[in-house]
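Structural description and commentary
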Amino acid sequence: MTITTIPADHPRAKSLHTREMLVDGFKRNLVVAEGLIAHGRGEAFDYLIGERTSAAAKKAIRAAAAALLLSNKKAVLSVNGNAAALCPKEIVELSKITGAAIEVNLFYRTEEREYAIKAELEKHGARNVLGVGPRASAKIPELSSERRRVDPDGIFSADTVFVPLEDGDRTEALARMGKTVITVDLNPLSRTAKAAHVTMVDNLVRAMPALVQEAQALKGKDAKSLERMVRAFDNKKNLAQSLKKIRGGAL
Ligand code: PTJ
């Protein structure tokens with residue numbers, strides 16, 4: 001990736017760099033044009049939460065790491081275009097630490113994008129990427145979007161699914177199937193944020209490295225301690241804390 005136009009001392013360098021990663025992903029057919037718009041919505045919320053990982057988000061990151069480790073190789077990390085452009089390295093690292101599988105799942109599904117995203121993940125060390133081409137042969141019930149097409153060996157049979165930057169419909173459908181759903185969404189009011197069991201209200205570019213670190217730190221803890229961490233987490237309360245931060249952060 002060649003990003004040359006942003007001076008390192010620019011006050012918004014990090015945010016502008018993230019935009020460039022998405023634009024680069026768009027040019028490489030990983031990201032859809034709609035993904036750039038979705039990121040803009042995320043940026044607005046990020047501005048309101050102070051562009052830092054809040055205390056509430058840190059709690060959610062811990063609960064998410066515990067839930068992924070608890071799932072005992074039946075977890076799946078669902079990857080869309082934005083996630084592939086922003087954090088392919090961390091997705092692969094998280095998969096290696098937790099034993100979770102990686103599956104490509106797209107709202108704007110095209111075969112070209114599926115294979116481009118698979119190749120990007122493989123470039124970062126992923127093996128056996130699920131959900132690509134004919135592998136996505138199972139269907140999530142009561143869901144009409146292209147996101148319904150999933151891998152029978154992946155999301156369909158998983159007990160825990162991590163769905164960063166998701167649409168509300170699939171989050172609700174996965175929860176109805178009895179799966180534990182984990183997400184990252186900067187909008188604490190979104191249907192996804194409300195329907196998931198663990199929502200990290202944080203920017204994906206900050207949440208993913210923190211999640212990798214937390215999973216590494218918790219790996220090796222006994223199942224009872226991990227279960228306690230997950231049980232102690234209250235998503236509704238956590239979202240309310242994020243909203244409070246947004247309201248209190250003004251002026
Ligand atoms: O790659 P595809 O085809 O699967 O399409 C992916 C997009 C993102 C286009 C698709 O899932 C979509 O349209 O998503 P939505 O419904 O716009 O939801 C995206 C949510 O993610 C919104 O609530 C945004 O606030 C939030 N968001 C955007 N960028 C970030 C983010 N949350 C965390 N980190 C971000 N960088």
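Residues numbered from 1 in each chain as written. Predicted model: local features only at pLDDT ≥ 70, side-chain atom pairs only at ≥ 80, totals over all residues. Heavy atoms only, no water.

The protein chain carries the name 4-phosphopantoate--beta-alanine ligase in an unreviewed UniProt entry, which gives Candidatus Nitrososphaera evergladensis SR1 as its organism. Quoted straight from UniProt, the Subunit (unreviewed entry) entry for the protein chain says "Homodimer." Comment text from UniProt for the protein chain, heading Sequence similarities (unreviewed entry), reads "Belongs to the archaeal phosphopantothenate synthetase family." (UniProt positions renumbered as here; feature names shortened; annotations may be inferred.)

**With respect to the pairing of strand E6 (residues 180-184)**
Most of E6 is tucked away, with four of its five residues classed as buried. As paired strands, strand E5 (residues 160-162) and E6 are joined by three bridges and run parallel to one another. By the bridge assignment for E6, Phe-162 is matched with Ile-182. Chirality of the crossover, the property in question, places the unit of E5, helix H7 (residues 168-176) and E6 among those that are right-handed. Where E6 and strand E7 (residues 198-200) come together, three bridges link them in parallel fashion. (Buried < 20%, exposed > 50% of the residue type's maximum accessible area, 1.4 Å probe, protein only. Helix = DSSP H or I, 4+ residues; strand = E, 2+ residues; numbered from the N terminus. Pairing = 2+ DSSP bridges. Right-handed = clockwise from strand over helix to strand, strands pointing away.)

**Some thoughts on the nonpolar core**
Membership of the largest hydrophobic core comes to 50 residues, with the highest contact counts inside it found for Ile-91, Leu-94, Leu-121, Phe-162, Met-200 and Leu-211. No other element matches helix H3 (residues 55-70), which puts nine residues into this core. Excluding residues within four positions of it along the chain, Leu-121 makes contact with Val-79, Pro-88, Ile-91, Val-92, Ile-102, Val-104, Ala-126 and Val-129. The next biggest cluster of nonpolar side chains, apart from the first, holds 13 residues, and it includes Leu-143, Ile-155, Val-161 and Ala-173. (Core = buried A, V, L, I, M, F, W, Y, C linked by side-chain atoms within 4.5 Å. Contact = heavy atoms within 4.5 Å.)

**Comments concerning the packing of H3 against helix H9 (residues 204-218)**
Between H3 and H9, the shortest axis-to-axis distance is 9 Å and the interhelical angle comes to 55 degrees. Relative to H9, the element H3 lies oblique. Between H3 and H9 the crossing geometry is right-handed. Along the contact surface, H3 presents Ile-61, Arg-62, Ala-64, Ala-65, Ala-66, Leu-68 and Leu-69, while H9 presents Ala-207, Ala-210, Leu-211, Glu-214, Ala-215 and Leu-218. Taken together, the residues of the contact of H3 with H9 break down into 11 nonpolar, no polar and two charged. (Axes fitted to C-alpha atoms, helices over the stretch in contact; angles between N-to-C directions. Parallel < 35°, antiparallel > 145°, perpendicular 65-115°, else oblique. Left-handed = near helix turned anticlockwise from the far one by under 90°. Nonpolar A, V, L, I, M, F, W, Y, C, P; charged D, E, K, R; others polar.)

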